[in-house]
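# An overview of the molecular structure
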Amino acid sequence: MTLGINRIKLAVLLALTDEGGTATTAQISQAVPSIRTTLLHHLKELVAEGYVTADLPMDEWKRGVRVAWTLNSDRLHADLRELIQRTSQTRKAANGDDV
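Residues numbered from 1 in each chain as written. Predicted model: local features only at pLDDT ≥ 70, side-chain atom pairs only at ≥ 80, totals over all residues. Heavy atoms only, no water.

## A short note on the pairing of strand S3 (residues 68-71)
Both faces of the sheet carry side chains from a regular strand, because those side chains alternate between them. Where strand S1 (residues 22-24) lies against S3, 3 bridges are found, and the strand directions are antiparallel. The partner of Thr 22 across the bridge, within S3, is Thr 70. As judged from the 3 bridges shared by strand S2 (residues 52-54) and S3, these two strands associate in the antiparallel manner. Looking across to S3, one finds that Ala 54 is bridged to Trp 69. (Pairing = 2+ DSSP bridges. Helix = DSSP H or I, 4+ residues; strand = E, 2+ residues; numbered from the N terminus.)

This is the structure:
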């Protein structure tokens, strides 16, 4: 589980969700208040973490080239389930409940 999520990455994931799971860089940038290079940096990290895929290889990502990004909801849901399970166990232990 990676879940290296910050507010920009979360905004990207939400933008992809709002667009039905797939969006171009331009569509995402309309929804995410960030500088283009920062946005691409976070998209690259989301690809590396397995939460997003791109329709072009990374060496083809450049200005003027349309890239479509797709949310990997299965991976995201699996990691969120693990996070919920682990934090639920921590909460139970902190409250003295059986884990």
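## So, the pattern of salt bridges
Under the defined criterion, the tally for this structure stands at 4 salt bridges. A salt bridge links Glu 49 to Lys 9; the nearest nitrogen and oxygen atoms lie 3.1 Å apart. You can see Glu 49 sitting in the loop between helix H3 (36-48) and S2 and its partner Lys 9 sitting in helix H1 (residues 7-18), a full 40 residues away along the chain. With relative accessibility at 3%, the residue Lys 9 sits in the buried group. Note that Arg 86 and Glu 82 form a salt bridge whose closest N and O atoms lie 2.7 Å from each other. (Salt bridge = Lys/Arg side-chain N within 4 Å of Asp/Glu carboxyl O. Buried < 20%, exposed > 50% of the residue type's maximum accessible area, 1.4 Å probe, protein only.)

In short, geometric facts, not functional conclusions.
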